[in-house]
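In case you want the letters, here they are:
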Amino acid sequence: MEVNSNGSIEPCGTPLTHSSGSNWVHSTDFEVHRNWLAITHSLPVSKWYHESTSEWTLDYPPLFAWFEYGLSHVAQHFDKKMLVVQNLGYASPATVLFQRLSVIATDVVFIYAVRECCRSVREEKGSKDLLVRPYFILAALLLWNYGLLIVDHIHFQYNGFLCGILLLSVARHLQGRHLEGAFLFAVLLNLKHIYLYIAPAYGIFLLRSYCFTKDNTDGSVRWSSLSLVRLIALGSIVISVCALSFGPFIAMGQLPQVLSRLFPFKRGLCHAYWAPNIWALYNVVDKALSVLGLRLKLLANLPKASMTGGLVQEFQHSVLPSVSPSATLICTLVSILPAVLSIWRCPRGARGFLRCLVVCALCSFMFGWHVHEKAILMAILPLSVLAVESREDAGIFLMLATTGHYSLFPLLFTATEMPTKVLLILLFTLYSFTSLKKLFRGFLLNTLEVTYLLGLIAVEIICEVVYPLLPWKQTLPFVTLLAKSVYCSLGVSYSFIRLYLSILRPTDKPKEL
């Protein structure tokens, strides 16, 4: 590195900032976060959620804005030009280097959280081989997680930092330190509001198992055992964090403006990369019905389809009813309800809460509005903890992680990135299968499940080798995205159903170590 005349740092051929030749690698999220650095550094707080020079406006909760503000004071020592709001698309080598290093630095939170989760794992006594100890396998599954590696360190985001806070919160609950766990989740919620989807799991668990201190003989809640001291302490923590985060904007009368940024509904049902969820299957069924209807002359004058155009936009379904944001919200809440009711009626401690959390995360992924494919990590990472303690959960983890990780392939779409993503997913998947097989001393998947996972290889070959040779490549370039999403939707849906059934069994607990 060199320090130039204006005091900024310039990298000299660092591999962190380019992949080949002189082409600097920076995804859209680089510009998103560069713009947020510029907004929080250059403008007064009162303008943060009004600034719209860039299309990538600030749309995370206030605590994350303050996080960007803190980073901006370090960023100015790398390249002050990145902190100019008008410098749209600015991506100097020093800027990219700083952003890469900021992700690495904040991963310290994730590393510490992994350590705490490993300390909370239950395991058999007497196991001497370190490589097959549950805590060692868990550390490898989390620290070497394929999704985090490509999403944060190749594509670019701060998921490790955020997921670290989530896992640390989970670890605190497993350790019985519930107020700390609640505090950490309140902080997380004010850093990124997507975690609202798992808030019901936290709320019901803490109310049922922390605020109510005793059960009746039949296992039902003893209403007279409500501890007002615990309830007030819990409420005070949550309210204090939210007040610290939103208070300044409430005082300035900007709460409606902030909320309008946090909850936009003009982006369409599906993200451009088509997360593998129920709506991907819904879209394909609609498309198939429209094509069949036209060929059989049962339908006419249908609107031109836009769902495979690879754009973030609203569109109307041709045959099936179009899905509104309110419809997805209702579907999500209805799907979450049985899960949270199960831990109210039949509490299973912190591990029952963790299972409910994963189910809630998957419910939001399956039925949410404009879901990003990266959101699957919100389920895969905490499920890793259960996977090293339960044979059944290990099998579900292998299905969900393999399918969910493969669905992230479109994030790295250049030819030079292909060897990297293939090698990383193969290494992680092989380790997951071999380590969990040794831990539980046997195969964890049946023949049908293995056959489905092998089908992922066939899908990749067809999409990346065969389809580019066909004439449809020019007219229908996004068919490969559709094919990968739909195939992965089947695996994610299967894992979701299996995990959901496990939480609805009130007495038949999964076999544990």
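Residues numbered from 1 in each chain as written. Predicted model: local features only at pLDDT ≥ 70, side-chain atom pairs only at ≥ 80, totals over all residues. Heavy atoms only, no water.

Draft legend 1. Fine view of the overall build of the protein chain. When helices and strands are tallied, the protein chain shows 19 helices and four strands. Across the 513 residues of the protein chain, 51% fall into the buried class. Residue pairs at least 24 apart in sequence account for 74% of intrachain contacts in the protein chain once pairs closer than 6 positions are excluded. A total of about 23300 Å² of accessible surface is found on the protein chain, and carbon and sulfur atoms cover 66% of it. (Helix = DSSP H or I, 4+ residues; strand = E, 2+ residues; numbered from the N terminus. Buried < 20%, exposed > 50% of the residue type's maximum accessible area, 1.4 Å probe, protein only. Contact = heavy atoms within 4.5 Å. Areas by Shrake-Rupley, 256 points an atom, 1.4 Å probe, with all protein chains shown as cover.)

Draft legend 2. Structural context of the confidence of the model for the protein chain. When pLDDT is averaged along the protein chain, the result is 87; 88% of the residues meet or exceed 70. Within the model, the stretch residues 308-313 combines pLDDT values under 50 with 12 contacts to residues more than four positions away or in other chains. (pLDDT = per-residue confidence, 0-100.)

Draft legend 3. Looking closely at the nonpolar core. Within the largest apolar cluster, 137 residues are counted, with the highest numbers of intra-cluster contacts made by Tyr195, Ile198, Phe397 and Leu436. Among the elements that line this core, the one with the most residues is helix α13 (residues 349-367), at 14 residues. In this view, Tyr195 contacts Leu162, Cys163, Leu166, Phe185, Leu188, Leu189 and Met378; residues no more than four positions away in its chain are not counted. (Core = buried A, V, L, I, M, F, W, Y, C linked by side-chain atoms within 4.5 Å.)

Draft legend 4. Expanded view of the packing of helix α6 (residues 159-174) against helix α7 (residues 178-189). Two elements in contact, α6 and α7, have axes whose closest approach is 7 Å; the angle formed by their N-to-C orientations is 160°. Judged by the inter-axis angle, α6 sits roughly antiparallel to α7. Regarding α6 and α7, the two cross each other, and that crossing is left-handed. Residue-level inspection shows Leu162, Ile165, Leu166, Leu168, Ser169, Arg172 and His173 of α6 in contact with α7, the latter providing His178, Glu180, Gly181, Ala182, Leu184, Phe185 and Leu188. (Axes fitted to C-alpha atoms, helices over the stretch in contact; angles between N-to-C directions. Parallel < 35°, antiparallel > 145°, perpendicular 65-115°, else oblique. Left-handed = near helix turned anticlockwise from the far one by under 90°.)

Draft legend 5. Looking closely at the side chain of Glu51. Mapped onto the secondary structure, Glu51 falls in the loop between α1 (28-42) and α2 (62-75). Among buried Asp, Glu, Lys and Arg side chains, Glu51 stands out as unpaired, with Arg261 the closest opposite charge at 7.5 Å. If near-sequence neighbours (up to four positions away) are discounted, Glu51 is found in contact with Ile39, Leu43, Thr57, Val85 and Arg261. (Lys, Arg positive; Asp, Glu negative; His and termini not counted. Salt bridge = Lys/Arg side-chain N within 4 Å of Asp/Glu carboxyl O.)

Draft legend 6. Representation of the layout of surface pockets in the model. Approximately 600 Å³ is the volume attributed to the second largest pocket. In this structure, the second largest pocket is lined by 21 residues; those nearest its centre are Thr402, Leu426, Thr429, Leu453 and Ile457. Residue assignment for the lining of the second largest pocket shows that the elements contributing at least two residues are α15 (391-406), α16 (418-440) and α17 (447-466). Examining the composition of the lining of the second largest pocket, we find that seven residues originate from one element, α16, more than from any other. Residues belonging to the lining of the second largest pocket are distributed by class as follows: 16 nonpolar, three polar and two charged. (1 Å grid on protein atoms, 1.4 Å probe; cavity = no way out; pocket = protein on both sides within 12 Å on 5 of 7 lines; lining within 4 Å. Points joined across faces, edges and corners; volume = space filled by probe spheres on them. Nonpolar A, V, L, I, M, F, W, Y, C, P; charged D, E, K, R; others polar.)

Draft legend 7. Examining a nonpolar patch on the surface more closely. A cluster of nonpolar side chains, Val450, Leu454, Ile457, Ile461, Ile462, Val465, Val466, Leu470, Trp472 and Leu476, forms an exposed patch at the surface whose accessible area comes to about 880 Å². By the element assignment, Leu470 lies in the loop between α17 and α18 (472-475). (Patch = residues over 30% accessible without salt bridge, like charges linked within 9 Å, V, L, I, M, F, W, Y side chains within 5 Å.)

Draft legend 8. Seen up close, the environment of Gly247. Inspection of the secondary structure assignment puts Gly247 in helix α9 (residues 228-251). For Gly247, a relative accessible area of 24% gives the class partly exposed. It is 9.5 Å that separates the C-alpha atoms of Gly247 and Pro62, two residues lying 185 residues apart in sequence.

Draft legend 9. Representation of helix α8 (residues 199-211) in the model. What α8 keeps buried is the set Ala201, Tyr202, Phe205, Leu206, Arg208, Tyr210 and Cys211. Those residues of α8 that are buried lie in contact with α6, α7, α9, α12 (325-345) and α13.

Draft legend 10. Spatial organisation of α12. Taking 1.5 Å per residue, 21 residues should reach 30 Å; α12 reaches 30 Å between its end C-alpha atoms and fits that length. If you look at α12, its biggest bend is around 30°, right at Leu337, and the proline Pro338 turns up within four residues after that. Looking only at α12, the buried set comprises Thr328, Thr332, Ser335, Ile336, Ala339, Val340, Ser342, Ile343 and Trp344. (Expected span 1.5 Å × (residues − 1). Bend = angle between axes of the 7 residues up to and from the residue.)

Draft legend 11. Summary view of the UniProt feature "transmembrane region" (unreviewed entry) in the protein chain. Feature annotation in UniProt places "transmembrane region" (unreviewed entry) on residues 130-148, 183-207, 227-251, 327-345, 352-369, 452-470 and 476-501, given in this structure's numbering. With 64% helix and 0% strand, the stretch residues 183-207 has end C-alpha atoms that lie 15 Å from each other. Within the segment residues 352-369, helix and strand shares are 89% and 0% respectively, and the terminal C-alpha atoms sit 27 Å apart. (UniProt positions renumbered as here; feature names shortened; annotations may be inferred.)

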